[in-house]
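Structure at a glance
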Amino acid sequence: DAEITQSPRHKITETGRQVTLACHQTWNHNNMFWYRQDLGHGLRLIHYSYGVQDTNKGEVSDGYSVSRSNTEDLPLTLESAASSQTSVYFCASSEPAGDEQYFGPGTRLTVT
Amino acid sequence: GDSVTQMEGPVTLSEEAFLTINCTYTATGYPSLFWYVQYPGEGLQLLLKATKADDKGSNKGFEATYRKETTSFHLEKGSVQVSDSAVYFCALSVNTGGFKTIFGAGTRLFVKA
């Protein structure tokens, strides 16, 4: 069965360190998204990609970057982790012409 | 800009009670509307959707009707179960050269036995 996976599921890091969160999907979807979930804010879009070599900023992109070198993967990098980036991060994908999104299980990141 | 507003939680109900979670939206153009559900420790999953006015989405006993005149998409279920305890997100999707989804803040539902 097709799926979308995220790793690690839990991560504790220190302020100032670079952190990369992995997202891998086997749906063969062109569209991929990264969100963060915080209490009271729902899900907020960080970055998204419509295909290989395409990346775009979302509403809360400062301090984050992504790269898309193949269809299956969209890693999210925190260049210099800050305590404000403590959150749960979700990756999602969707078909090109459709709009339902399929979500991964999430990564809980704590920055100390 | 485009936005989704849903009722604040938590909502606490007894088993077999009637559920309504209100959702209203603001959008340019003609969005598709969704309800997603998030069970504890999991990612979101699609519960139901509607793509045009007066469409009714339904799944697992939940229903929501796309009301263009009131810009609403309220979620209802006639008889909730303990297993329905979760966080529910209303969302809209707009086509900006690719579909982008905007989520509400989420409503937590607790169902007591």
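Residues numbered from 1 in each chain as written. Chains lettered and ligands numbered in written order. Predicted model: local features only at pLDDT ≥ 70, side-chain atom pairs only at ≥ 80, totals over all residues. Heavy atoms only, no water.

1. Digging into the pattern of salt bridges
Defined as follows: The term salt bridge refers to a pairing of a side-chain nitrogen on Lys or Arg with a carboxyl oxygen on Asp or Glu at a separation within 4 Å. Burial classes: relative accessible area under 20% of the type maximum marks a residue as buried, over 50% as exposed, and values in between as partly exposed (1.4 Å probe, protein chains only).
What the rule picks out here adds up to 7 salt bridges over all chains. Close ionic contact of A:R36 with A:D38 constitutes a salt bridge, the shortest N to O distance being 2.8 Å. The buried category is assigned to A:R36, whose relative accessible area is 8%. Residue A:D38 is classed as buried on the basis of its relative accessible area of 15%. Here B:K52 ties to B:D55 by a salt bridge, and the two come within 3.4 Å at their closest N and O atoms. The class of B:K52 is partly exposed, set by a relative accessible area of 47%. Salt bridges sharing partners connect three or more residues here, namely A:R36, A:D38 and A:R44.

2. Thoughts on unusual backbone geometry
The condition that has to hold: Per the convention used, a helix needs a DSSP run of H or I reaching at least four residues, while a strand needs a run of E reaching at least two, with both numbered from the N terminus.
A cis geometry characterises the amide bond from A:S7 onward to A:P8, with omega recorded as -10°. Summarising the element assignment, A:P8 is placed in the loop between strand 1 (4-7) and strand 2 (10-13). With an omega of 0°, the peptide bond running from B:G9 to B:P10 counts as cis. Here B:P10 lies in the loop between strand 1 (3-6) and strand 2 (11-14). Even without glycine at this site, A:N28 takes up a positive phi of about 65°. You can see A:N28 is positioned in the loop between strand 3 (19-25) and strand 4 (31-38). Since its relative accessible area comes to 60%, A:N28 is described here as exposed. One non-glycine residue, B:D54, lies in positive phi territory at about 75°. You can see B:D54 is positioned in the loop between strand 6 (44-50) and strand 7 (56-59). Residue class for B:D54 comes out exposed when judged on its relative accessible area of 52%.

3. Points about the sheet that holds strand 9 (residues 75-77) of chain B
Residues and elements named next belong to chain B. Put simply, the rule is: Two strands qualify as a pair provided that DSSP identifies no fewer than 2 bridges between them. Lines fitted to C-alpha atoms define the axes, with helix axes restricted to the stretch in contact, and inter-axis angles between N-to-C directions lie between 0 and 180 degrees.
Spatially, the 4 strands line up as an open sheet ordered 3-9-8-7, and their pairing is antiparallel. The open sheet has two free edges, formed respectively by strand 3 (19-21) and strand 7, since each of these has just one partner strand. Strand-to-strand twist across the sheet, computed as the mean angle between neighbouring axes with direction ignored, equals 15°. Bridge count between strand 8 (residues 62-65) and strand 9: 3 bridges; the pairing is antiparallel. When the bridges of strand 9 are listed, F62 appears paired with K77.

4. Some words on the nonpolar core
Condition: In this text, buried Ala, Val, Leu, Ile, Met, Phe, Trp, Tyr and Cys residues form a nonpolar core when linked through side-chain atoms within 4.5 Å.
In terms of nonpolar packing, the biggest core is built from 27 residues, with B:L19, B:W35, B:L47, B:L48, B:F73, B:L75 and B:Y88 touching the most fellow members. Put simply, the parts of the chain that give this core at least two residues each are strand 2, strand 3, strand 4 (23-26), strand 5 (32-38), strand 6, strand 8, strand 10 (86-95) and strand 12 (107-112) of chain B. Ranked by the residues each element gives to this core, the list is headed by strand 10 of chain B, at 5 residues. One finds A:L21, A:Y64, A:L78 and A:V111 within the second-largest nonpolar core, a separate group that totals 18 residues.

5. Thoughts on the state of the cysteines
By definition, a disulfide is the covalent link that joins the sulfur atoms of two cysteine residues. Residue and element names in this part refer to chain A. Defined as follows: In what follows, a disulfide is any cysteine sulfur pair within 2.5 Å.
For the structure on display, the rule yields 2 disulfides over all chains. Here C23 pairs with C91 through a disulfide, and the sulfurs are 1.9 Å apart. For the disulfide bridge between C23 and C91, the dihedral angle about the S-S bond is near -75°, and by the sign convention the bridge is left-handed. Residue C23 is found in strand 3, and its partner C91 is found in strand 9 (residues 87-94); the two are separated by 68 residues along the sequence. Like C23, the residue C91 is buried in the burial classification.

6. A look at the interface of chain A and chain B
This is how the line gets drawn: The contact definition used throughout considers only heavy atoms, calling two residues in contact when any of these lie within 4.5 Å. Nitrogen and oxygen atoms within 3.5 Å of one another constitute a polar contact, given that in protein one can donate a hydrogen and the other can accept it, and given that sequence-neighbouring residues count only through two side-chain atoms. Throughout, the ten residues Ala, Val, Leu, Ile, Met, Phe, Trp, Tyr, Cys and Pro are labelled nonpolar, Asp, Glu, Lys and Arg are labelled charged, and all others, Gly among them, are labelled polar.
Contacts between the two partners involve 22 residues from chain A and, on the opposite side, 21 residues from chain B. At the surface where chain A touches chain B, the tally comes to 0 salt bridges. At the junction of chain A with chain B, the criterion picks out 3 residue pairs in polar contact (both at pLDDT 80 or more). Secondary structure elements with two or more residues in the side of chain A that touches chain B: strand 4, strand 5 (42-51) and strand 10 (101-103) of chain A. Per element, the largest residue contribution to the side of chain A that touches chain B is 5 residues, and it comes from strand 5 of chain A. For the side of chain A that touches chain B, the class distribution of residues is 11 nonpolar, 8 polar and 3 charged.

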